[in-house]
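Spelled out, the chains give:
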Amino acid sequence: MMEILHCTVNGKPVEVGYDLRESLLDTLRDRLGLTSVKRGCEVGECGACTVLVDGVAIDSCIYLTAWCEGKHILTVEGLQGENGELNPIQKAFIEEAAVQCGFCTPGIIMSAVEIVGSGKQYTREELRKLISGHLCRCTGYQNILNAVERAVDECHKIVGK
Amino acid sequence: MEIGRSIHRVDALDKVTGRAKYTDDFRGQGVLVARILHSTIANGVVKDMDLTEARKVPGVVKILTCFDVPDIQFPTPGHPWSVEAAHQDVADRKLLARRVRIYGEDIAVVVAEDEIAAEHALKAIKVTYEEYPVYTDPEAAMAPGAVAIHDEHPDNILRHTCFDVLTPGAGGRGVDEVFADPAYRHFEAHIDTQAVQHCHIENPVSYAWMEGERIVVVSSTQIPHIVRRVIGQALGIGWGKVRVIKPYIGGGFGNKQEVLYEPLNAWITTQIGGRKVKLELTREETFQNTRSRHAIHFDVKAAVDPASMRLMARTCRAVSNQGGYASHGHSIVANAVTGFRQTYPDAFAHRSDAYTVYTNLGSTGAMRGYGIPQCNFAGECFMDDIAREMGWDPMAFRLKNIMPLGYVDPTNGITCHSTGLAECIRKGAAFMDWDKLRAEYAKPQTGPVRRGIGMAVFSYKTGVWPISLETASARVILNQDGTVQLQLGATEIGQGGDTVFSQMCAQAIGIPTEDVHIVSFQDTDTAPFDTGAYASRQTYVTGKAIKKAGESFRAKVLDFAAGLTNLDRGNLDIRGRDVVSTVSGEAVLSLADLAMEAFYSLSHCEHITAEETVQCKNNTFAFGACFAEVEVDIPVGKIKVLRIVNVHDSGRLINPKLAEAQVHGGMSMGLGYALSEEMKYDDKGRLLNGNLLDYKLPTAMDHPELHALFVETDDPSGPFGNKALGEPPAIPVAGAVRNAVLQATGVAIHRLPMNPQRMVEAFTEAGLIEKGE
Ligand code: FES
Ligand code: FES
């Protein structure tokens, strides 16, 4: 049975037909063409499919599309500024060499958006915990932590002014 | 200098914006899906399959079974093909198997309009089996009377090799003679390593369709040109009828250096009129049906001279659990025993004895390090055991025995053209404050929480010569704006290949890296030939092809410039974005102007391109060391790594920042290998923890800060002084952690992983934990 979902995706109002049994991951990838949202396990173990729903990072593979009525969904495709400028987190990922195969990258960036968006500062240990829902086999998390830490610091400096 | 610049990755922007396209991102709408039916026994034969109910499921397009596939056995590993039959890979699989050899064998496939229809149909297929006993360990499979898993190997031994190697110029004393000499102390150990998996975050996925009479396959692979060959072999068709496209891939680590499901998918499309079909494995299928690192069991012996601290002779018997299919065959355990021998060349002699044995567990294949992480763990445990018994400092003992510059392997001729190993050891020791900590932790410790510091070293070949062919090619094309396109058959798999290839090309021509546009994706119809990403070979072998093509391109540009300017060709050079006169030092023509002339001149239009192939008939050793400081909580068996550093000699670094990132990833994989990862099977051959929840892959919380240091040698055989880097970082970590635990607790562990359960058992046995009543 097809239903119609009304929600906001990356700032734009969207109406899309979906199957009631469908996960948000499938709707975003297959119906809306938002292929930054990756599939690594489909059972909430790897974090590759992370997006923000009303500002909260969730695993879209275990989140039903049906729960998204009226919600605001954000994916990596929605992060660049109006003139295409990169979000500070994206910049930090490039500059800290936090990207390798890149398959985990969009998901971790979305968690970082949530972390930075909290406006709080965190210790390295706290950041380790905050990104521990993401599996990355390439980087040992070292440069990812550097990038997230840098984005948090930069944002804090700006906000703190 | 473009070599040695830490530029940002050329693919980073696409990857952080989500624009980078991986296999599944191209698929588009209306693609059929294929799902595989897996056996529910581990050893036996499919007698019959009833498809009546499955065919009735709405949305099912076609069901194909092991009774339908071509009667062709094909090889799967990503090796260069050998034209000599004796060196060809083992051809032991069919597209779908009637003869079941592992639990979860591929026995049928359902093609449907969507996943749900396919899943329903899979559940409705009824299978009748004839069952045989299940062999989970090599000893049982080799026992007399065991059922042959493959008829070609009645004793289940895929291969057994035994070599006695005498050190040249050492007087011809063999292993037995040396061991009989009463002047030497004898040591022996048994060491077990476990099966682990690559766990690339993107599961294997491909889609296939037909264009005319040809088959097109898009796949997440490290080796597109080899995929093309194996599809041709598996389907019994001309290799030119196959076109393989490789987009970005979400990690491979050796698992995608094997042609596992592309041939099946290519065949499926031929059975449904060439319609486009996708075959994507779930994470659980990836665990069960792809490859893993071999569990290898070692028995090692050494005769040691107490006076000189030298290893006089050693023996190494290795038994490798291959699982149900040959995959890379005997080459991995052969590499393991060779690697064990090479790092510390014995004064007189060495004997290696290696077995590859079929069992009914999941098949094992290439994984980052190709047998060396296993033998390194064995070898580095053994070195510390000997040092401890003899009262020697483990670092001093290693320094007395490591491979010297100029070493030539007596069996294969691989030569140590450069080494910074001793320097790596000293640098790591200084970073960790080894002398001080080693002395401090050597004082008696009595509490439940104890500390120690340990180390391990390794050597690693660069590429596969002379065991196999090494060849690569590169194409450079001038663009209208004076920039170039670089096209390769070598692949970016996350390691940063595209970035360092661009830097090498820029260096060879004399232009900035920003003016090199690399074609990232390989399409076997257009990409030059290269065997792909494995064996840490690409910067070395493909690097030579890039250098040669860049230099030949540069020569053509300068010829053209001399013609245009009427200047002496010998006085022209390319610097930055200009052709300059070496006499005046002034720019005489910009490359952009030159390019416009070359493209559009009415009198002398010439499209400047260069394409070169190299066959690399050389090899060289990369080296490194790992130091780890640990805290062991004895009652709960928990090992906490407090500090860790890897120090590498990979020759000259093309991009230091990316090299460092590569080392972090390898260290992480090494920590997982040391402390938590293990594929667990039951006695029916079923994998018990085939998912990312139960299989303990490290998270950010499981690691300390990862430190990567380098000692840059200038290797005379490398195209830019460089040598292997991709695989090595994963190698020495487990040994270093284990040796730190040995110092902390006095307990010598000989089995991986060192997870809390194992450690509590070991500490209990050693009397550090009281036995429960
Ligand atoms: S795909 Fe959603 S958590 Fe792995
Ligand atoms: S960059 Fe490859 S999984 Fe994280």
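Thresholds applied
Residues numbered from 1 in each chain as written. Chains lettered and ligands numbered in written order. Predicted model: local features only at pLDDT ≥ 70, side-chain atom pairs only at ≥ 80, totals over all residues. Heavy atoms only, no water. Helix = DSSP H or I, 4+ residues; strand = E, 2+ residues; numbered from the N terminus. Rg over C-alpha atoms; globule rule 2.2 N^0.38 Å. Buried < 20%, exposed > 50% of the residue type's maximum accessible area, 1.4 Å probe, protein only. Contact = heavy atoms within 4.5 Å. Areas by Shrake-Rupley, 256 points an atom, 1.4 Å probe, with all protein chains shown as cover. Lys, Arg positive; Asp, Glu negative; His and termini not counted. Charge placed at Lys NZ, Arg CZ, Asp CG, Glu CD. Buried area = accessible area lost by both parts, 1.4 Å probe. Salt bridge = Lys/Arg side-chain N within 4 Å of Asp/Glu carboxyl O. Polar contact = N/O pair within 3.5 Å; in protein donor to acceptor, adjacent residues only side chain to side chain. Pairing = 2+ DSSP bridges. Axes fitted to C-alpha atoms, helices over the stretch in contact; angles between N-to-C directions. Domains from an automatic or database assignment. Phe/Tyr/Trp six-rings, centres within 6.5 Å; stacked < 30°, edge-to-face > 60°. Lys NZ or Arg CZ within 6 Å of the ring centre and 35° of its normal. Left-handed = near helix turned anticlockwise from the far one by under 90°. Nonpolar A, V, L, I, M, F, W, Y, C, P; charged D, E, K, R; others polar.

With that settled, consider the overall build of chain A. For chain A, the helix and strand inventory stands at 5 helices and 5 strands. Put simply, chain A runs from its N terminus to its C terminus through helices and strands in the order β-β-α-β-β-β-α-α-α-α. A compact globule built from 161 residues should have a C-alpha radius of gyration of about 15 Å, and chain A, at 16 Å, falls within 12% of that. In terms of its C-alpha atoms, chain A occupies a principal-axis envelope of roughly 50 × 35 × 25 Å. Burial analysis of chain A (161 residues in total) assigns 55% to the buried set. Considering only contacts within chain A whose residues lie at least 6 apart along the sequence, 54% involve residues at least 24 apart. Split by element, the accessible area of chain A, about 6600 Å² in all, is 53% carbon and sulfur. Computed over 16 positive and 22 negative side-chain charges, the inter-centroid distance for chain A is 5 Å.

As a further point, take the interface of chain A and chain B. Listed as interface residues are 45 residues of chain A and, on the opposing side, 55 residues of chain B. Across the interface of chain A and chain B, roughly 4100 Å² is buried in total on both sides, 55% from carbon and sulfur atoms. Of all residues in chain A, Q100, R128 and R137 of chain A bury the most surface against chain B, accounting for 20% of the area lost on that side. Across the contact surface, chain A and chain B share 8 salt bridges. Two residues, E705 of chain B and R124 of chain A, come together in a salt bridge whose shortest N-O distance is 2.8 Å. Inspection of the chain A/chain B interface yields 25 residue pairs in polar contact (both at pLDDT 80 or more).

Opposite charge on two side chains permits them to pair, given that their charged atoms come into close proximity. Residue and element names in this part refer to chain B. What the rule picks out here adds up to 64 salt bridges over all chains. R9 is the salt-bridge partner of E492, the closest N and O atoms lying 2.9 Å from each other. A residue pair is termed long-range when its members are at least 10 positions apart, and E492 in the loop between β18 (484-488) and α14 (497-509) and R9 in the segment before α1 (12-16) qualify at 483 residues. Of the charged contacts, one joins R575 and D573 as a salt bridge, the two residues approaching to 3.1 Å between their closest N and O atoms.

For the rest of this paragraph, the subject is the sheet that holds strand β27 (residues 706-710) of chain B. Residue and element names in this part refer to chain B. One open sheet accounts for 4 strands, arranged β16-β25-β26-β27; its pairing is mixed. What marks the edges here is a single partner per strand, and that holds for β16 (449-461) and β27. Shown here is a sheet whose adjacent strand axes are inclined to one another by a mean of 15 degrees, direction ignored. As defined by bridge partners, β16 adjoins strand β25 (residues 621-633) across 13 bridges and the pair is classed as antiparallel. Following the sheet pairing, R451 is matched in β25 by E631.

Among the secondary structure elements, R39 of chain A is positioned in the loop between α1 (24-31) and β3 (50-53). A polar side-chain atom of R39 of chain A sits 3.1 Å from a polar atom in the side chain of E42 of chain A. If we ignore the near neighbours within four places in the chain, the residues touching R39 of chain A are L25, D26, R29, D30 and F103 of chain A together with D24, R27, I201 and E280 of chain B.

So, on to the domain arrangement of chain A. Residue and element names in this part refer to chain A. For chain A, the assigned domains are domain 1 (2-78) and domain 2 (88-160). Placing a centre on the C-alpha atoms of domain 1 and another on those of domain 2 gives a separation of 22 Å. On the side of domain 2, 12 residues touch domain 1, which itself brings 16 residues to the contact. Note on domain 1 versus domain 2: buried area summed over both sides is about 1100 Å², and carbon and sulfur give 66% of it.

All names here are of chain B. Taken as a whole and judged by the stated rule, the model has 12 aromatic pairs over all chains. Between the aromatic rings of F26 and F521, the centroid separation amounts to 6.1 Å while the plane-to-plane angle is 80 degrees, which identifies the pairing as edge-to-face. Here F521 lies in the loop between β19 (516-518) and β20 (522-523) and F26 lies in the loop between α1 and β1 (32-38), a separation of 495 residues in the sequence. Relative accessible area serves as the criterion here: at 37%, F26 is assigned to the partly exposed category. With a centroid separation of 5.8 Å and an interplanar angle of 40 degrees, the aromatic rings of F599 and Y600 are classed as tilted. Over the face of the ring belonging to W209 we find K276, whose NZ or CZ atom lies 4.6 Å from the ring centre. The ring of F720 has K547 lying over it, and the distance from NZ or CZ to the ring centre is 5.4 Å.

Bringing the pairing of strand β17 (residues 471-478) of chain B into the picture now. Residues and elements named next belong to chain B. The element β17 is largely enclosed, with a buried count of 7 among its 8 residues. Sheet topology note: the β17/strand β24 (residues 609-615) ladder contains 7 bridges and is antiparallel. Counterpart to V476 in the pairing with β24 is A610. With 5 bridges connecting them, β17 and β18 associate as antiparallel partners. For V476, the partnering residue across the bridge sits in β18 and is L486. Remark: 5 residues form the turn of the hairpin made by β17 and β18, two consecutive strands paired antiparallel; G482 in that turn has positive phi of roughly 85 degrees.

Moving on, we get to the side chain of E280 of chain B. With respect to the element layout, E280 of chain B can be found in strand β12 (residues 277-280). Only 2.8 Å separates the side chain of E280 of chain B from the side chain of K278 of chain B, close enough to count as a polar contact. When near neighbours in sequence (up to four residues on either side) are disregarded, E280 of chain B contacts R39 of chain A together with D24, R35, P204, V205 and E285 of chain B.

Next up on the list: the packing of helix α9 (residues 331-343) of chain B against helix α10 (residues 372-390) of chain B. All names here are of chain B. At their nearest, the axes of α9 and α10 sit 8 Å apart, and the two run at 35 degrees to each other. At the point where α9 passes α10, the crossing takes the right-handed sense. The residues of α10 that touch α9, namely those facing N335, A336, G339 and F340, are I372, C375, A378, G379 and F382. When its residues are assigned to classes, the contact of α9 with α10 shows 6 nonpolar, 3 polar and no charged.

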